[in-house]
Amino acid sequence: MKPKRLVLALAVVASQATAKLRYNYDATADARVAEHTGDPYGLASERIDIRFQQNATVAPHWVGAFGFSAWNDFIYASRPDVYDHSLVENDSLDVRPRNVYVRFDANRFSLTAGYQQVVWGEALGTSYADLVNPRDYRDGGIGDPSDIRLQIPMVNAKLVFENVTIQGLYLPQPFFNLLPSPGNDFAFPYSTVLNGASVRITRQESLPWAASNAEYGARLSALLGSWDLSAFFLNDYDRDPSYRLDPSTILPSQIVVDEVHTRVRNYGFTLTNDFGGFLLRLEGVMTEDRRFPTIIGQTLSSAERNNPAYVIGLDLPTWHGFNSTIQWSRNFITGDPVSGLLRTPDQSLLLARVSRTLFLDHELELIESYSTTDRGSRSQLNYMIPTSKKSELRLGGEIFAGPFSSDFGKIERASRVYVLYRYHFHG
Amino acid sequence: MKSLVALFTCLAVFPIASRADSKGADWVVKADKFRSPDVDYSIKVKVVDIDGSDKRENIFNVASKDNRLTLVEQIAPERQRGRKLLMRDHDLWLYSPNVSRPTRISFEQKLTGEVSNGDLMRTNFAQDYDAKVTGNETLPEGKTVKLHLTAKNKDVTYNSIDYWVNESNARPVKAVFYALSGKPLKTANYLEFKVQLGSPRLTKVQITDALQKTHQSVMYYASFKKEKFDDTYFSKESLSK
């Protein structure tokens, strides 16, 4: 039996066999409808999400968890006037394990094996330190961060002392970000850049389960006074792809490219401190040997460079119930300039967030992001209305703007407002 | 340079010396015993937010060690289930299942309704505030000692508090909480006491917004249990379990 199947089987058995001792389940179901705010007018999403999670505890040392998540966006099938049929196959349906693991807890030591998510860093949006789990960007990043992260199999060992924690990770199989396919509102506008050529991308979702493909990392975190510090490294395959031209390409009209993921090394740190209501967050990551895709004319290639990135954030003291954060991040490429990059080589983003919990648990959140390097912007609004103890209504919007040369400007057509209804189950 | 240091020292010490007195501190220590047991413990706290005729209920499990480590886990309503707050001394982290990571936050952020994080996490005024007796007042609850509490540092929830303590038994009666500007933020009325863990404990508090009197939150404390916790239970790294 393959190790992956063994972990799955163990988790299922543990979560079921121990059910008589102590167990619970949580589930949520979402229904969401989104409407474009500009061209192409009309519906932008008709999506249903389901998440299920069962935990069982064999007190006090063993925990088994079994869960899954599934979603379906019907929009690509229902709007053939706007979306290419290939999106029905690539970007409209997903079912995958969610928290399927066995955990052993013994006082200061814990070992978790199976599908899980590990989150480092705590910056908003662009948390460069949050690099362990790949993400699903096919929906443009709308949704809860824990849903956007793809849960992958790993062994996660932690040794916890009062003020120091040591963590080790072993990931036997690399998994990669799921990027929007060509034609998706959130996709890079390949067709426009490549003079109207039809573009198809063969996705590489993972590499085989093999010792030579294994990824590994470690993190040391410490509380020194009120300073919350961590340092980490991760030797993994780049979660983002570079590309190579597929032999089936017929230039100049039909371009087929294959995603390629190469091994990189990440070193980073995080730091937070509360200065009497002013909460400072600082994160930095250096990624070595990352390959950046390029297009010159119709020639697809890539360039290898180091990629430092950092975020500085400040939470301001609560003012009339409003919580606010300002954050500045920079992500750039070192070495000689690269021609034909698909991204802006030096990205700086200024972000401001304001949130308030209103009376009776209504929640308001506004996030404005502005790229100081390419003048693109993103405006996000979320308003949550509790409709019962088990349900909530979320109203939101995400508006992209800027010149076509900017990263946000390229996906301006994805701008939308949405309504989401969520129901929670528990037992 | 030395004289400058001496001047700074005098300026720093003088206000503290003038705003605190030992009688005030004694009253606060006695009143704190009703607000939190002096052993490691767990309790269940129900918070009912009231806005006119509309009511919402939140329930939390609270675990506390040495009055400096506190872990709060929300268990109701279901849409908020699994949210956790961890306090280590004056540092606070929020864990939310939909983000799946601990995020550092400040004490003054609101937990629900009129209840700030600090209202639930820090119940020991003696650790956080200097106290001075400012007089005696007769309230409907009886004769009280009126105290003025001033924050010992910037990490606490409120800048200052007017605090009324029952003169005969040292039970807390009422408190008015102030912002740095001196503006009143809210009023707490300490309403019920029951014997829990061998002594009378505060079991009901009503918190009212200073400006909008129809905005109220009532906190009910129940299921007091003496516990023995390892420090690692209050680790930030354990929040995601």
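In what follows, the accompanying structure is described.

Rules and cut-offs
- Residues numbered from 1 in each chain as written.
- Chains lettered and ligands numbered in written order.
- Predicted model: local features only at pLDDT ≥ 70, side-chain atom pairs only at ≥ 80, totals over all residues.
- Heavy atoms only, no water.
- Helix = DSSP H or I, 4+ residues; strand = E, 2+ residues; numbered from the N terminus.
- Rg over C-alpha atoms; globule rule 2.2 N^0.38 Å.
- Buried < 20%, exposed > 50% of the residue type's maximum accessible area, 1.4 Å probe, protein only.
- Pairing = 2+ DSSP bridges.
- Axes fitted to C-alpha atoms, helices over the stretch in contact; angles between N-to-C directions.
- Core = buried A, V, L, I, M, F, W, Y, C linked by side-chain atoms within 4.5 Å.
- Patch = residues over 30% accessible without salt bridge, like charges linked within 9 Å, V, L, I, M, F, W, Y side chains within 5 Å.
- Areas by Shrake-Rupley, 256 points an atom, 1.4 Å probe, with all protein chains shown as cover.
- Salt bridge = Lys/Arg side-chain N within 4 Å of Asp/Glu carboxyl O.
- Contact = heavy atoms within 4.5 Å.
- Buried area = accessible area lost by both parts, 1.4 Å probe.
- Polar contact = N/O pair within 3.5 Å; in protein donor to acceptor, adjacent residues only side chain to side chain.
- Phe/Tyr/Trp six-rings, centres within 6.5 Å; stacked < 30°, edge-to-face > 60°.
- Lys NZ or Arg CZ within 6 Å of the ring centre and 35° of its normal.
- Lys, Arg positive; Asp, Glu negative; His and termini not counted.

Below, the discussion takes up the overall build of chain A. Across its full length, chain A holds five helices and 22 strands. The C-alpha atoms of chain A give 22 Å as radius of gyration, which agrees with the globular expectation for 427 residues (22 Å, within 12%). Taken along its principal axes, the extent of the C-alpha atoms in chain A is 65 × 55 × 45 Å. Within chain A, the fraction of its 427 residues that count as buried is 52%.

Time to look at the sheet that holds strand 9 (residues 198-202) of chain A. Residue and element names in this part refer to chain A. With respect to topology, three strands assemble into an open sheet ordered 9-13-12, the strand pairing being mixed. The open sheet has two edge strands with one neighbour each: strand 9 and strand 12 (242-245). Averaged over neighbouring strand pairs, the angle between their axes works out to 35° when direction is ignored. Pairing of strand 9 with strand 13 (residues 254-260), which is carried by five bridges, proceeds in the parallel orientation. Across the sheet, residue Val199 finds its bridge partner in strand 13, namely Ile255.

Attention shifts here to the nonpolar core. One finds Phe125(B), Leu149(B), Ile161(B), Tyr163(B), Tyr190(B) and Met219(B) to be the most contacted residues of the largest nonpolar core, which totals 42 residues. Counting 17 residues, the second largest nonpolar core, distinct from the first, contains Leu131(A), Leu169(A), Leu171(A) and Phe175(A).

So, about a nonpolar patch on the surface. All names here are of chain A. Together, Phe109, Leu111, Val155, Leu159, Phe161, Val164, Ile166, Tyr170, Tyr216, Leu220, Phe233 and Tyr267 make up a nonpolar patch on the protein surface, roughly 950 Å² of accessible area in all. The set of elements that each furnish at least two residues to the nonpolar patch consists of strand 6 (109-116), strand 7 (152-160), strand 8 (164-171) and strand 10 (215-224). Structurally, the position occupied by Tyr216 is in strand 10. For Tyr216, a relative accessible area of 39% gives the class partly exposed.

The next thing to look at is the interface of chain B and chain A. Between chain B and chain A, the residue contacts involve 44 residues of the former and 56 residues of the latter. Regarding the contact of chain B and chain A, the summed buried area is about 4,100 Å², with carbon and sulfur atoms giving 45% of it. Scanning the region where chain B abuts chain A turns up seven salt bridges. Of the charged contacts in the structure, one is a salt bridge between Glu237(B) and Arg219(A), with a shortest N-O distance of 3.4 Å. Run the count over chain B and chain A and you get 19 residue pairs in polar contact (both at pLDDT 80 or more). Looking at the side of chain B that touches chain A, the elements that each hand over two or more residues are strand 1 (41-51), strand 2 (54-65), strand 5 (91-96), strand 6 (101-105) and strand 15 (215-226) of chain B.

All chains considered together, the criterion is met by 21 aromatic pairs over all chains. On the basis of an interplanar angle of 35° and a centroid distance of 6.0 Å, the ring pair of Phe400(A) and Phe408(A) is categorised as tilted. Feature note: the residues Phe125(B), Tyr129(B), Tyr158(B), Tyr163(B), Phe177(B) and Tyr190(B) constitute an aromatic cluster, connected by ring pairs. Between Arg330(A) and the ring centre of Phe332(A), over which it is positioned, the NZ or CZ distance is 3.9 Å. Its guanidinium or amino end placed over the ring of Phe125(B), Arg35(B) lies 3.9 Å from that ring's centre, counting from NZ or CZ.

As a further point, take the side chain of Asp49(B). Residue and element names in this part refer to chain B. With respect to the helices and strands, the residue Asp49 is situated in strand 1. We note that Asp49 is buried and unpaired, the nearest opposite charge coming from Arg56 at a distance of 8.0 Å. A distance of 2.7 Å separates the side chain of Asp49 from the side chain of Ser217, its partner in a polar contact.

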